[in-house]
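# Tertiary structure, described
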Amino acid sequence: MGYISKSFKHLFGYRVARPGKEEQSEELRAIYEAKKGTLSKSDLEKVHIEHKQPYGGKWLKRRWLTLIAVNLLFVVSFYFDIQLLEGALTASRFVGFHMADLNSALQVILAYKVMVLNLFIGTVTVFLLWVLLGGRTFCSWACPYHLLAEWAEYLHLWLAKRKIVSDHSFNRKVRTVFYLLFVVLALVTGYTVFETLSPTGILSRALIYGPGLALLWVLALLAFEVFYSRRAWCRYVCPIGMTYGVVGVISPLRVTYNAEACHHEGDCRKVCLVPHVLDLTIRGGASQVHEDVGADCTRCGLCVDVCPTDSLKYEFKGLSKLV
Ligand code: SF4
Ligand code: SF4
């Protein structure tokens, strides 16, 4: 299956079928065959231990620093009135240029049935920016809720390991249903309903303008994720993730997989927010030796950090041919 159709299937919550043998390249089939029976449990364990990074990998550190810096820039600009990055994540001005979060822009257009020039400029600018930067990169590198949800996830996993909580998963198609619901609500009510509920907007505004009662909603979401369903908001509800996922389909910045050295042990799938995009790392799951991970991937780099065989890497398409 091609990258575009695979990405859309992932984004809308459909399962991508394992490729049949006839869909796999000869080179890949030879690699799978050569690996049969050659990897013992102790070999895997050894590589695993050698690769272990107790204080988080390089991409995790870079990403957290970037996310904090982006959000702090809003705060600093507001407090010192330096007009560098004015507004909040949903709508802002960067050194005078209008920027509009794509999902907020969509909600505004649907609710108020208008498209003013500044909104148009802001939407196009942000669209081009995130095409270049990878689409759902917005989630893992800029969204403040992502960072809190990651920390809540550590707590969830710690409790789950001790059998105090267990994860309840839902059908991934519910995100598509929520997406349509928020579209219809904006159209019918003439009000940007999702913006009131979005933890991304609530946190961004709270950081800049001070806390409000809406933070209780964010706390409730985090508690739900800790005690009931791991990363539930981002996995099953948030339309922002879906919008940027669609943008990511045409982005040249992707995570790519190389099946040659892969041990198929699944460390990457354990850390991923959207593990379905990594089904290609299961033995027999890829159709080419080198294959791109679908656009629902947030480009967070956790799998790149954790992979003991360096089989997952960032790639900017076309750039490797130029340099
Ligand atoms: S899915 Fe939504 S809440 Fe989650 S990281 Fe992306 S934008 Fe933020
Ligand atoms: S595939 Fe890797 S980079 Fe993409 S979301 Fe999953 S862990 Fe992050």
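Okay, so let's go over this structure. (Residues numbered from 1 in each chain as written. Chains lettered and ligands numbered in written order. Predicted model: local features only at pLDDT ≥ 70, side-chain atom pairs only at ≥ 80, totals over all residues. Heavy atoms only, no water.)

### A short note on the overall build of the protein chain
Going by this rule: Strands here mean DSSP runs of E at least two residues long; helices mean DSSP runs of H or I at least four residues long; both are numbered from the N terminus. When we talk radius of gyration, it's over C-alpha atoms, and the globule rule is simply 2.2 Å times the number of residues to the 0.38. To sort residues, take the accessible area from a 1.4 Å probe on protein chains only and compare it with the maximum for the residue type: under 20% means buried, over 50% means exposed, and anything in between is partly exposed. Areas reported here follow the Shrake-Rupley algorithm with a probe of radius 1.4 Å; residue values treat only the protein chains shown as occluding.
Within the protein chain, the secondary structure is distributed over 17 helices and six strands. Taken against the 2.2 N^0.38 rule, which gives 20 Å for 323 residues, the C-alpha radius of gyration of the protein chain at 21 Å falls within 12% of a compact globule. With the principal axes as the frame, the protein chain shows a C-alpha extent of 60 × 45 × 40 Å. The buried share among the 323 residues of the protein chain stands at 49%. Taken as a whole, the protein chain presents about 16,500 Å² of accessible surface, with 68% of it coming from carbon and sulfur.

### Description of the site of ligand 1
Definition in use: Whether a residue is near a molecule or strand depends on its heavy atoms: if one lies within 4 Å, it is near. The nonpolar class holds Ala, Val, Leu, Ile, Met, Phe, Trp, Tyr, Cys and Pro. Asp, Glu, Lys and Arg form the charged class, and all remaining residues, Gly among them, are polar.
Close to ligand 1 lie Arg136, Phe138, Cys139, Cys143, Tyr145, His146, Thr200, Trp233, Cys234, Cys238, Ile240 and Gly241, which account for all nearby residues. For the shell around ligand 1, the secondary structure elements donating two or more residues are α7 (137-142), α8 (144-161), α13 (232-237) and α14 (239-248). Partitioned by chemical class, the residues of the shell around ligand 1 number eight nonpolar, three polar and one charged.

### Considerations on the nonpolar core
Applicable threshold: Residue types Ala, Val, Leu, Ile, Met, Phe, Trp, Tyr and Cys, when buried and joined through side-chain atoms within 4.5 Å, form a set referred to as a nonpolar core.
Grouped together as the largest cluster of nonpolar side chains are 60 residues, with contacts concentrated most on Phe138, Tyr145, Trp233, Leu278, Val293 and Leu312. Take this core: its biggest share by element is five residues, from α13. Formed by 10 residues, the second largest nonpolar core is a distinct cluster that contains Leu11, Tyr179, Met242 and Ala295.

### Comments concerning unusual backbone geometry
Its identity is not glycine, yet Arg231 carries a phi of approximately 55°, on the positive side. Position of Arg231 relative to the elements: it lies in the loop between α12 (215-227) and α13.

### Thoughts on the sheet that holds strand β2 (residues 91-94)
Counted only if it meets this: Strands qualify as paired when DSSP identifies two bridges or more between them. Where helices are involved, their axes are fitted lines through C-alpha atoms of the stretch in contact, as for all axes, and angles between N-to-C directions lie from 0 to 180°.
Taken together, the three strands give an open sheet; going across it, the order is β1-β2-β3, and neighbouring strands pair in antiparallel fashion. Unpaired on one side and paired on the other, β1 (85-88) and β3 (97-100) mark the two borders of the sheet. Each strand axis lies, on average, 15° off the axis of its neighbour in the sheet, ignoring direction. Where β2 and β3 come together, four bridges link them in antiparallel fashion. Within β3, the position partnered with Arg93 by the bridge is His98.

### Quick look at the site of ligand 2
The local shell around ligand 2 consists of Val255, Cys272, Val274, Val277, Leu278, Val293, Cys297, Thr298, Arg299, Cys300, Gly301 and Cys303. The residue inventory of the shell around ligand 2, partitioned by class, reads nine nonpolar, two polar and one charged.

### Remarks on the pattern of salt bridges
Convention followed: What makes a salt bridge here is a side-chain nitrogen of Lys or Arg within 4 Å of a carboxyl oxygen of Asp or Glu, nothing more.
Throughout the structure, instances matching the rule amount to 12 salt bridges. In this structure, the salt-bridge partner of Arg63 is Glu150, at a minimum N-O distance of 2.8 Å. In this pair, Arg63 sits in helix α4 (residues 58-79) while Glu150 sits in helix α8, placing the two residues 87 residues apart along the sequence. Pair check on accessibility: Arg63 and Glu150 agree, each one buried. A salt bridge links Asp292 to Lys317; the shortest N-O distance between them is 3.0 Å. Pair noted here: Asp292 is in strand β5 (residues 290-292) and Lys317 is in the loop between β6 (312-316) and α17 (319-322), with a separation of 25 residues, a long-range link. Owing to a relative accessible area of 12%, Asp292 belongs among the buried residues under this scheme.

### Some remarks on helix α6 (residues 117-133)
Definition in use: Expected span of a helix, by definition, is 1.5 Å for each gap between consecutive residues, and there is one gap fewer than residues. This arc describes the spread of directions from the helix axis toward the C-beta atoms. Throughout, a residue-residue contact means that at least one pair of heavy atoms, one from each residue, lies within 4.5 Å.
Compared with the 24 Å implied by 1.5 Å per residue over 17 residues, the 24 Å span of α6 between its first and last C-alpha is a close match. Taken together, the buried positions of α6 are Leu119, Gly122, Thr123, Val126, Trp130 and Val131. An end-on view of α6 places all buried positions within 160° of arc, on one side of the element. In α6, the exposed positions that point more than 90 degrees away from the buried face belong to Leu117 and Leu128. Lining the buried residues of α6 we find β3, α5 (102-112), α7 and α14. One or two positions beyond α6, positive phi appears at Gly134, with a value near 115°.

### Some remarks on the side chain of Ser229
Here is the rule we go by: Here a polar contact means two N or O atoms within 3.5 Å. Within protein one must be a hydrogen donor candidate and the other an acceptor candidate, and residues neighboring in sequence count only if both atoms are side-chain atoms.
Looking at the element boundaries, Ser229 is found in the loop between α12 and α13. One polar contact links the side chain of Ser229 to the main-chain carbonyl oxygen of His168, over a distance of 2.6 Å. In contact with Ser229, other than residues within four places in its own chain, are Asp167, His168, Phe170, Phe224 and Tyr236.

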